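Chain by chain, the residues:
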Amino acid sequence: MRVIIEKDYEAMSKKAALLVASQVRLKEDSVLGLATGSTPIRMYNELIEMYEKDEIDFSEVKTFNLDEYCNLPSENPQSYHYYMNENFFNHVNIPEENINLLDGMTDNLKKESIEYDMKIKRAGGIDLQVLGIGPNGHIGFNEPAEKLNVKTHQVDLAQETIEANSRFFESKEDVPKKAITMGIATILKSNRILLLANGKNKAKAIKETVSGNVTTKVPSSLLQTHPEVTIIVDEEAAELI
Ligand code: F6R
């Protein structure tokens, strides 16, 4: 694992955007795995700025998002569909047909999951997967557990995740209890992985990711088994490493 420590959130985001941009410049038809949440927002802003300055072209890029809440329509501002459109897709030239998001509204989650993994395979696999991390070490919505589901699947969100994500909703009760997520093997099959974290509340998870035991109880620790992982953190998230 390569760990890059940047001074603050802004520097972390700039470095992450440069890494994504270099991937797209090297391979114009790159397949990108994308994350939502607070962490990558600034990275998306940086990529949009590069696009506006004609420094990057996304016209051949394909994307696959990591996860989506169940039973939240795409028009809901808290859905990850809405988030991606607002924070990235509406501002760059990725063709709509190249954008892949999980449908949390489907009445056949099993079919949706199987088809998503197949679509990733047909696209040639993910070249670069961007990840955030939960304070409990979740990646995507793969929550700490005795056993992890390897493929794309439906999950019950951990109480800790519901609490952490309640900041985006009016109340804790409004946070969906279920989500659909790429599985751990789907993530680990990516050629390269870029994990971002900022803030003190991620410090413990980052320490466990980098040097803790490899265990399903800290899903991000499984990244230690992948040969091409870059972790970019700010000084606060790096506090314990
Ligand atoms: C989001 C995702 C989650 C988040 C994680 C951190 O697509 O997969 O694993 O990356 O919950 O969220 P933030 O960035 O809001 O702290």
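Summary of the structure given here. All values reported here derive from a predicted model rather than from experimental measurement.

Parameters and conventions
- Residues numbered from 1 in each chain as written.
- Predicted model: local features only at pLDDT ≥ 70, side-chain atom pairs only at ≥ 80, totals over all residues.
- Heavy atoms only, no water.
- Helix = DSSP H or I, 4+ residues; strand = E, 2+ residues; numbered from the N terminus.
- Rg over C-alpha atoms; globule rule 2.2 N^0.38 Å.
- Buried < 20%, exposed > 50% of the residue type's maximum accessible area, 1.4 Å probe, protein only.
- Contact = heavy atoms within 4.5 Å.
- Areas by Shrake-Rupley, 256 points an atom, 1.4 Å probe, with all protein chains shown as cover.
- Phe/Tyr/Trp six-rings, centres within 6.5 Å; stacked < 30°, edge-to-face > 60°.
- Pairing = 2+ DSSP bridges.
- Axes fitted to C-alpha atoms, helices over the stretch in contact; angles between N-to-C directions.

### Side note on the overall build of the protein
Within the protein, the secondary structure is distributed over seven helices and 10 strands. Against the compact-globule benchmark of 18 Å for 241 residues, the protein has a radius of gyration of 17 Å, which places it among compact chains. Looking at the 241 residues of the protein, the share that counts as buried comes to 53%. Across the protein, contacts joining residues at least 24 apart in sequence account for 79% of those joining residues at least 6 apart. Per element, the accessible surface of the protein, about 11300 Å² overall, is 47% carbon and sulfur.

### Points about the packing of aromatic side chains
Under the definition given, this model contains 10 aromatic pairs. The interplanar angle of 40° and the centroid separation of 4.8 Å between the aromatic rings of tyrosine 69 and tyrosine 80 together place this pair among those described as tilted. Taken together, the residues tyrosine 69 in strand S4 (residues 67-69) and tyrosine 80 in helix H3 (residues 80-87) connect sequence positions 11 residues apart. Residue tyrosine 69 shares its accessibility class with tyrosine 80, and that shared class is buried. Here the aromatic cluster, defined as three or more aromatic residues joined through ring pairs, consists of Tyr44, Tyr51, Phe58, Tyr83, Phe88 and Phe89.

### As for the sheet that holds strand S6 (residues 128-131)
With respect to topology, seven strands assemble into an open sheet ordered S1-S10-S9-S6-S2-S3-S5, the strand pairing being parallel. The open sheet terminates on both sides in strands that have one partner only, identified here as strand S1 (2-6) and strand S5 (99-100). With five bridges joining them, strand S9 (residues 192-197) and strand S10 (residues 229-234) adopt parallel strand pairing. Looking across to S10, one finds that leucine 195 is bridged to isoleucine 231. Where helix H4 (residues 109-122) meets the sheet, its contacts fall on strand S3 (62-65) and S5, and the angle it forms with S3 comes to roughly 150°.

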